[in-house]
Amino acid sequence: MSSSTSTTLPDSSEEAHAEDHHALPFWRQYIFSSDHKIIGIQYGFTALVFLAIGFFLMMVMRWSIAYPTSEIPLVGKMLGERWAPNGVISPDLYNMFGAMHGTIMVFLGIVPLAFGAFGNFVTPLQIGAPDMAFPRLNMASYWFYFLGGVVMFGSFFLESGAAKVGWTNYSPLATTTDTEFASIFWTGQTLWLLGMVFLISSSLLGAVNFITTIINLRARGMTWMRLPFFVWAMLVTGFLLLLAFPPLEVAAIMQLMDRLAGTSFFLPTGLYAGGERLDISGGGSPLLYQHLFWFLGHPEVYVLILPAIATVAEVIPNNTRKPLWGYKSMVYAVMVLGFLSFIVWAHHMYLTGMGTAVSTFFQTTTVLISIPSVILVTSLLISLWGGSIRFTVPMLFATAFLPMFGFGGLTGLPLAFNLIDLHLHDTYYVIGHFHYVVAPGTIFGLFAGIYYWFPKMTGRFMNNFLGHLHFWPSLICMNGIFLPMMIQGMAGFHRRAFDGGQTYEATTERFLWMNELTSWSAWLLAVAQIPFIFNLFWSIRFGRKANSDNPWDATTLEWSTPTPPPHGNFPTEPVIYRNPYEYSQPGAAKDFTPQWIPDEEIEKAAPEKAKAKAKS
């Protein structure tokens, strides 16, 4: 709907009428729900489970790297003699866990938590909508995601094991792996592709829904430049998913056809496997798959990071009690960032033999994309200046996000140049760079969001002491994991060495001790998540009750709803009167001026002295 005119709020679905008159059964209200808030919570809890699974895979890998010839404690015998003889991690199991760790963390963990959970719960509330534009499509999006996750996770229990060719699943290796089994369909590589089709379909349904909702269901008075920055980030993220994911879905289907139907989209002529020439039609291009994958792969980085930046942009103004600095600059920067993310993908492919003209183009665009990123981080840093900062638990994670993400971004700049990438490609340096962006970067931003919006979801605060017990060890351990990787990577440590570089001991001996430091930091990081897990579930029932619907004294529209928000969200149609971050305004009675309160009420609440000062 137009942002300047009123309209009748739409019914969410047929269920909307039913819920007006009688309670829906449990399975309709909480399992197959079309309410955006329930769907957001479903996304959130499911994503946290998959993050835990992905984290477990990483911890097993870290044992193999630190102690490659030793039996892994506790789970060694459970992994089976085939994959872990005498409890010692085999190279095949390491490859399998490496491929599935990346897949699960990105496609089943962070993206669903950032876009699916926070986006679904918060976006309609912030724009004044009663629900998403297509509630049943929203429900289908979650169940496509859930089905994709089940397929991916189920592949671990097949005779072949799960996919083991890396999270990128490059052809021709991915196409020719696990072909010795009686049924190629029931192999990990095939189910990886099938799972990706479900996951991508889920993201496309969600992207269409978010874009339509933000454009058409804004409340009266919610003009474009009155949107919270969080909503802008969700809009750009929706377009990234809508435009970048179809090429990868096509690539997955084409690779499925190569495995199951005898096509050769990605299989070249004269291909040998196991010492024998393959009986294939040939003529395909393995590089085509890489182009299709990375055309999604780099926008995907911003699908991961933009929701986290947006969450931090909500937490910082609220806890500095001053407006978000450079709001319009940030809006334009995030749009430029979205555009540039589509023309940098080939910097992942410098080693494929591209010409100097093409590589120069991608080096230039990769450097350029750092400019809007710097604008975003600089605006957030300046927003801290001169603020009356409240170091709540959400603020701790938000402020830690800034240097961690900044370090991750800066370490990526050398990789923009093909001369440097020639040395650093596929080393621990790349792992360290990427994980600084998405682990202490994105995940810290998402933790800030969980602690910040938890009172709106449940009506209770998470425990402050347990929050500190979660934050400080996590911050230390994150750096203990990824900082040594930067040093090892510059020394030439390869990312896929299951024994942590023991093979090259003569040249890397002085760096091998870092394997143990990194691994112990990873295991301690797992211990640091125990306070969070306990806090999350304990606080739902026993956390300190929020003293109002707006316990953080915030200014954006989601804090005007009852807590927790009911079906339809708003008792009356909301109207927006001002910009989203009006904190500590001159002449105001309080240090926050919400979007939804009319000017007349603000003036009435202001002291006479403040009103006189404002008039003068």
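Note: the structure precedes this text.
Since the structure is predicted, the reported quantities are computational estimates derived from the model, not experimental observations. (Residues numbered from 1 in each chain as written. Predicted model: local features only at pLDDT ≥ 70, side-chain atom pairs only at ≥ 80, totals over all residues. Heavy atoms only, no water.)

## Re the overall build of the protein chain
So, step 1. When you go through the protein chain residue by residue, the secondary structure sums to 20 helices and two strands.
So, step 2. Taking 616 residues into account, the globule formula puts the C-alpha radius of gyration at 25 Å, and the protein chain, at 25 Å, falls close to it.
So, step 3. Taken over the C-alpha atoms alone, the protein chain extends approximately 85 × 55 × 55 Å along its principal axes.
So, step 4. Residue burial in the protein chain is summarised as follows: out of 616 residues, 58% are buried. (Helix = DSSP H or I, 4+ residues; strand = E, 2+ residues; numbered from the N terminus. Rg over C-alpha atoms; globule rule 2.2 N^0.38 Å. Buried < 20%, exposed > 50% of the residue type's maximum accessible area, 1.4 Å probe, protein only.)

## A short note on the pattern of salt bridges
So, step 1. Under the definition given, this model contains six salt bridges.
So, step 2. Here Asp426 makes a salt bridge to Arg495, at a shortest N to O gap of 3.3 Å. Here Arg495 lies in the loop between α16 (464–490) and α17 (505–508) and Asp426 lies in the loop between α14 (418–424) and α15 (428–458), a separation of 69 residues in the sequence.
So, step 3. Note that Arg578 and Asp599 form a salt bridge whose closest N and O atoms lie 2.5 Å from each other. With Arg578 in the loop between α18 (513–542) and α19 (599–605) and Asp599 in helix α19, this pair connects stretches of sequence that are 21 residues apart.
So, step 4. Of the residues examined, Asp599 reaches a relative accessible area of 38% and is grouped as partly exposed.
So, step 5. Members of the salt-bridge network, linked through shared partners, are Arg578, Glu582 and Asp599. (Salt bridge = Lys/Arg side-chain N within 4 Å of Asp/Glu carboxyl O.)

## Overview of the packing of aromatic side chains
Note on aromatic pairs: each is described by the distance of the centres and the angle between the planes.
So, step 1. In this structure the tally under the stated criterion is 56 aromatic pairs.
So, step 2. Geometrically, the ring pair formed by Tyr43 and Tyr145 is stacked, given 5.2 Å between the ring centres and 25° between the ring planes. Residue Tyr43 is located in helix α3 (residues 36–66), and its partner Tyr145 is located in helix α5 (residues 135–154); the two are separated by 102 residues in the primary sequence. Exposure class is identical for Tyr43 and Tyr145. Each is buried.
So, step 3. A cation over an aromatic ring shows up here: Arg28 above the ring of Trp27, its NZ or CZ 5.7 Å from the ring centre.
So, step 4. Cation over ring: Arg544 sits above Phe461, and NZ or CZ is 4.3 Å from the ring centre. (Phe/Tyr/Trp six-rings, centres within 6.5 Å; stacked < 30°, edge-to-face > 60°. Lys NZ or Arg CZ within 6 Å of the ring centre and 35° of its normal.)

## Some points on the side chain of Thr442
So, step 1. Residue placement: Thr442 occurs in helix α15.
So, step 2. The contacts of Thr442, once residues within four sequence positions are left out, are Ile110, Leu304, Ile305, Ala308, Phe401 and Val437. (Contact = heavy atoms within 4.5 Å.)

## A word on the side chain of Lys37
So, step 1. Following the sequence through the fold, Lys37 ends up in helix α3.
So, step 2. Beyond its immediate chain neighbours, meaning those up to four positions away, Lys37 contacts Phe121, Pro565, Pro566, His567, Gly568 and Asn569.

## Let's talk about the nonpolar core
Most often, soluble globular proteins keep nonpolar side chains buried together rather than apart.
So, step 1. The biggest cluster of nonpolar side chains holds 182 residues, and the ones touching the most others in it are Phe97, Met100, Phe107, Phe229, Leu248 and Leu380.
So, step 2. No other element matches helix α4 (residues 91–127), which puts 21 residues into this core.
So, step 3. Counting the residues that make up this core, at least three belong to each of domain 1 (35–253) and domain 2 (547–616).
So, step 4. Here Met100 is in contact with Leu57, Met152, Ser155, Phe156, Ala162, Ala163 and Trp192, once residues within four sequence places are set aside. (Core = buried A, V, L, I, M, F, W, Y, C linked by side-chain atoms within 4.5 Å. Domains from an automatic or database assignment.)

Honestly, that's just the spatial picture; any functional story needs more than this.
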